[in-house]
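# Inside the fold
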Amino acid sequence: MAEIRLHNTLSGKVEAFVPLRAGEVKMYTCGPTVYDYAHIGNYRTFVFQDILRRFLKLRGFKLDHVMNLTDVDDRIIAKAAAAGVSIRDYTEKYVQAFFEDCKTLNIESPEHWIRATEHIDEMTKLIQELQEKGYTYSSDGSIYYRIAKFPEYGKLSKIDLSGIQAGARVDNDQYEKESARDFALWKAPKKGEHFWETAIGAGRPGWHIECSAMAMKYLGETLDIHTGGIDLAFPHHENEIAQSEAATGQPFSRYWVHAEHLLVEGEKMSKSLGNFFTLRDLIAKGYKPSALRFALASVPYRKQLNFTFDGLQQATNSVERLRNFADRLKSEKFPESTGGRGAGMAERIATAAKEFDEGLSDDLNTARGLAAVFDLVREANIAMDKAEFRQGDVAGVQEFLAAFDKIFAVMQDDDGAKMKALGYGGEGGPSDSEIEKLVAERQAARLRKDFAESDRIRKELAGRGILVEDSKDGSVRWKRK
């Protein structure tokens, strides 16, 4: 197996990945801010993180993975206050929707889902440590981090600090990306807004302190990998480093791995342009979850992904091609051969497996990994059509496809059920058992040469969204449209 190499934003280089403890990976993922439904730009990042997680597991690493749910920030505070409900009541709808969306996209659950509102004590204790070490100052009931006190500030994002104004500070969680300013660790309460009574006074935490406190509680002072979208490198991750390393004197994370932005039809996604989509918006249009996952995973994470509807249709076709190939392996009978395998196919399977592993080891080059899969599918299909594929080759190809799907997770044909679970897709079509019964009846009609009945059943299935394919060897495959 190839050496795993990842691009580290901290060094600006692709580096060999070596965790602190052999065989174990401590990874932190910045999850969603649950003030609304997550959009496809968010899921581009979450799918990349899932690919990374799955690949590390496939390589035998034991994952200790934390993903936070930011359930308190300026937007949530304002929206909850406007709705006259508690923070928990306001965010719960979006937390559950996020869990449902992750399940729909086959994004694995981390070892720990954690909520900011359940870790206020850890945050206040970290702020107290920073106070004791002289990294903070107070103003109007709020507590700020003094970035001039941390000489390494800017080492992650490489931001130019030459124009920094001493004492300039910011209260908002979302602020100008170009401006390095002292930021709020703890915010004084405002009239009508939720706050906590704590040892450092009444108020609520700033966004940045949340991740530092939670990551270190579950993973220790130094993480192996911290992931997120590139938009979080500054100010959020830069501020996490400043807080954490000032408190502990230790490196906060050894590898910082960031996913690039997603564009929609070549433009930045925004509601004003009408190109803003949540996962549910696209499923409501009839696009399958598997195609969405494939599209989001198909472009390597450090390249901008231009999300287009043509590309989504291509992803749909690609997933269908893979599933049809898997069905062909399962349903057709191929010639036997001495020794169990046809000449050359065993070597071709080994080459594909090697190329797939090397592609993902090379900074998660998903495009290279997918190319290895589709090259094998093409060559195997050609061999099958020429009667050169042997029954003994089936197990090796299926084993390779299983390893592929442990990473990409698109082979199982459960899109209809997932769409139905989210309230889309009507009745979801006939069940598998009903389809199998009709296919068997059609086969029986063909055997007794009742072709009128055979055609009637085929048309009935087609009208209910099921395509039937007859193979050369007499076997039958079916698939949903």
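Predicted model, so just to flag it, every value in this text is computed and none were measured.

Okay, the overall build of the chain next. Counting its regular elements, the chain contains 15 helices and 18 strands. Sorting the 481 residues of the chain into buried and exposed places 53% on the buried side. For the chain, restricting intrachain contacts to residue pairs at least 6 apart in sequence, the fraction spanning at least 24 positions comes to 77%. Averaging the coordinates of the 68 positive side-chain charges in the chain and doing the same for the 74 negative ones gives two points 3 Å apart.

Here the structure, examined in full by the defined rule, presents 43 salt bridges. With a shortest N-O distance of 2.8 Å, Arg54 and Asp50 are connected by a salt bridge. A residue pair is termed a helical-turn pair when its members lie 3 or 4 positions apart in one helix, as Arg54 and Asp50 do in helix 1 (residues 40–58) at four residues. The buried category is assigned to Arg54, whose relative accessible area is 11%. Notably, a salt bridge pairs Glu92 with Arg115, separated by 3.1 Å at the nearest N-O pair. With Glu92 in helix 3 (residues 87–104) and Arg115 in strand 5 (residues 112–115), the pair connects residues that are 23 residues apart, well separated along the chain. Note on Arg115: relative accessible area 10%, which makes it buried.

Summed over all chains, the structure comprises five cavities of 30 Å³ or more. Roughly 50 Å³ of volume is contained in the largest cavity. Considering the residues around the largest cavity, the lining is formed by Arg44, Phe48, Ile51, Leu296, Ala297, Val299, Tyr301, Leu364 and Thr366. The dominant element in the lining of the largest cavity, judged by the number of residues it contributes, is helix 1, at three residues. Partitioning the lining of the largest cavity into residue classes produces seven nonpolar, one polar and one charged.

With that out of the way, let us pick up the environment of Phe61. Mapped onto the secondary structure, Phe61 falls in the loop between helix 1 and strand 4 (62–69). A residue is classified by how much of its surface remains accessible, and Phe61, at 18% relative accessible area, is buried. Phe61 sits 42 residues away from Pro19 along the chain, and the two C-alpha atoms are 9.6 Å apart. Ignoring any residue separated from it by four or fewer positions in sequence, one finds Phe61 in contact with Ile4, Phe17, Pro19, Gly23, Glu24, Val25 and Leu56.

Conventions adopted
Residues numbered from 1 in each chain as written. Predicted model: local features only at pLDDT ≥ 70, side-chain atom pairs only at ≥ 80, totals over all residues. Heavy atoms only, no water. Helix = DSSP H or I, 4+ residues; strand = E, 2+ residues; numbered from the N terminus. Buried < 20%, exposed > 50% of the residue type's maximum accessible area, 1.4 Å probe, protein only. Contact = heavy atoms within 4.5 Å. Lys, Arg positive; Asp, Glu negative; His and termini not counted. Charge placed at Lys NZ, Arg CZ, Asp CG, Glu CD. Salt bridge = Lys/Arg side-chain N within 4 Å of Asp/Glu carboxyl O. 1 Å grid on protein atoms, 1.4 Å probe; cavity = no way out; pocket = protein on both sides within 12 Å on 5 of 7 lines; lining within 4 Å. Points joined across faces, edges and corners; volume = space filled by probe spheres on them. Nonpolar A, V, L, I, M, F, W, Y, C, P; charged D, E, K, R; others polar.

None of this, on its own, says anything about what the molecule does.
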